[in-house]
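# Summary of structural features
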Amino acid sequence: MAILICEKCGGRMVPTIESAGSSGSKESQVKLVCENCKSTRMETRAEVEKVLGKKILESNLAESSTVPQARPADPSIKYRRILLKLGGESLAGSDGSGIDPSSADTLARRIQAVQSLGVQVAVVIGAGNLWRGREGLEHGMERATADYMGMIATVINSLALMDALERQHVVTRVQSAIEMRAVAEPYIRRRAIRHLEKGRVVIFGGGTGNPFFSTDTAAALRAMEIGADVLIKATKVDGVYDTDPKKNPKAMKFDSLTYIDVLNRRLGVMDSTAISLCMDNDLPILVLDLWREDMLERAMRGESAGTIIHT
């Protein structure tokens, strides 16, 4: 197995491309790429076949030649991989409930515009448009049951967003923390990262798979797992304010905050578990208005947009 181990980091190397001209011959060269550090080296086809076998090698080479890779990122891009946290209401109609196809289409166009810059995009979406767990709790429902219902509802929203994205010609995968193999892949971290590297949008449904955790916490957790550069909390307000700007016209907007500021001021940007998780792992949070034209693209280039929460 030595020839398939990366000499730099010890990670597993996979075959990607066979040299042109001598394809199929034992002397042809196969390019190996490390799944961890992305370093490459060349080996003869004969040596690789000894380890993998002919059928597996040819299958890997065929897949790498037919699957589109992520386009190179625009040099002006600050964030190469993002996790976008959406509320379920972003899919809703004017009454804030259900799923409105036109809202889904608008969301899909926003995401497609960012992905076209070469940014790798993962998404976590809530389910407030379909189910509010606190309403069940008010009627005596068990907390765990209410939370599981919410997690299942996030998969419904994920499928709706996937459909809207694919109608924009964006290849999309839904992964669920609660197994639903007929409609979504199970959540597998390395597979999710591979999808992103191939230029696909990945939507994480099912929350964390455990009750008592919000989709904000699920977003922070998944962002850390996939190595996102930033967690973007998409809202209908252009940043974080000291009070609700819809109720108080004199509310003051913050351009920058520390994690501790958010927790001490109880600003309600995300729940405290999610904020603490980001703080412990030094993951910046960007709060912005997704519905403003070009706001997300400006944020990707590091321009002033919304409120940044960091160390």
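Structure: see above.
The following paragraphs examine the structure supplied in this document. Given the structure is predicted, the values throughout are model-derived calculations rather than measurements.

Cut-offs and rules
- Residues numbered from 1 in each chain as written.
- Predicted model: local features only at pLDDT ≥ 70, side-chain atom pairs only at ≥ 80, totals over all residues.
- Heavy atoms only, no water.
- Helix = DSSP H or I, 4+ residues; strand = E, 2+ residues; numbered from the N terminus.
- Buried < 20%, exposed > 50% of the residue type's maximum accessible area, 1.4 Å probe, protein only.
- Contact = heavy atoms within 4.5 Å.
- Areas by Shrake-Rupley, 256 points an atom, 1.4 Å probe, with all protein chains shown as cover.
- Pairing = 2+ DSSP bridges.
- Polar contact = N/O pair within 3.5 Å; in protein donor to acceptor, adjacent residues only side chain to side chain.
- 1 Å grid on protein atoms, 1.4 Å probe; cavity = no way out; pocket = protein on both sides within 12 Å on 5 of 7 lines; lining within 4 Å.
- Points joined across faces, edges and corners; volume = space filled by probe spheres on them.
- Nonpolar A, V, L, I, M, F, W, Y, C, P; charged D, E, K, R; others polar.
- Core = buried A, V, L, I, M, F, W, Y, C linked by side-chain atoms within 4.5 Å.

We now examine the overall build of the protein chain. Check the secondary structure of the protein chain and you find ten helices and 14 strands. Expressed as a percentage of its 311 residues, the buried residues of the protein chain come to 47%. Counting contacts in the protein chain only where the partners sit at least 6 residues apart, residues at least 24 apart contribute 67% of the total. As presented, the protein chain carries roughly 15300 Å² of accessible surface, and 51% of it is formed by carbon and sulfur atoms.

Here we take up the sheet that holds strand 7 (residues 185–186). Strand order in the open sheet formed by nine strands is 7-6-8-5-4-9-13-14-12, and the pairing between neighbours is mixed. The sheet is open, and its two edges are formed by strand 7 and strand 12 (256–258), each paired on a single side. Looking at chain direction, strand 6 (residues 172–176) and strand 8 (residues 201–205) are connected through five bridges and run parallel. Following the sheet pairing, arginine 173 is matched in strand 8 by valine 202.

This next bit is on the environment of arginine 41. The topology assignment puts arginine 41 in strand 3 (residues 40–44). Looking at arginine 41, the relative accessible area reads 16%, which means it is buried. A polar atom in the side chain of arginine 41 sits 3.0 Å from the side chain of glutamate 43.

Its boundaries defined by the atoms lining it, the largest pocket holds a volume of some 1400 Å³. As for the largest pocket, its lining consists of 48 residues, of which Lys85, Glu89, Arg132, Asp216 and Lys233 are closest to the centre. Those elements that provide at least two residues to the lining of the largest pocket are strand 4 (81–86), helix 4 (133–138), helix 5 (143–167), helix 7 (215–226), strand 9 (230–235) and strand 10 (240–241). Of the residues in the lining of the largest pocket, the class split is 18 nonpolar, 18 polar and twelve charged.

Of all the six residues making up strand 9, five are buried; the element is thus mostly covered by neighbouring parts of the structure. Bridge analysis of strand 4 against strand 9 gives four bridges, and the strand direction is parallel. Along strand 9, the bridge assignment pairs isoleucine 82 with valine 230.

Another point: the nonpolar core. Membership of the largest hydrophobic core comes to 37 residues, with the highest contact counts inside it found for Ile82, Leu86, Val123, Ile232 and Met300. Residue assignment for this core shows that the elements contributing at least two residues are strand 4, helix 3 (101–115), strand 5 (120–125), helix 5, strand 8, strand 9, strand 13 (285–289) and helix 10 (295–300). Excluding residues that lie within four positions of it along the chain, isoleucine 232 makes contacts with Ile82, Leu83, Leu84, Lys85, Leu286, Leu288, Leu296 and Met300. Among the nonpolar cores identified, the runner-up in size contains 30 residues, and Leu196, Phe204, Ala220 and Val269 belong to it.

Taken residue by residue, a regular strand's side chains alternate between the two faces of the sheet. Most of strand 13 sits inside the fold, with five of its five residues counted as buried. Residues Ile285, Val287 and Asp289 of strand 13 are buried on one face, and the alternating residues Leu286 and Leu288, pointing to the opposite face, are buried as well. Here strand 9 pairs with strand 13 via five bridges, running parallel. Note that in strand 13 the partner of leucine 231 across the bridge is isoleucine 285. Sheet topology note: the strand 13/strand 14 (residues 307–310) ladder contains three bridges and is antiparallel. In the sheet register, isoleucine 285 faces strand 14, and the bridge partner there is isoleucine 309.

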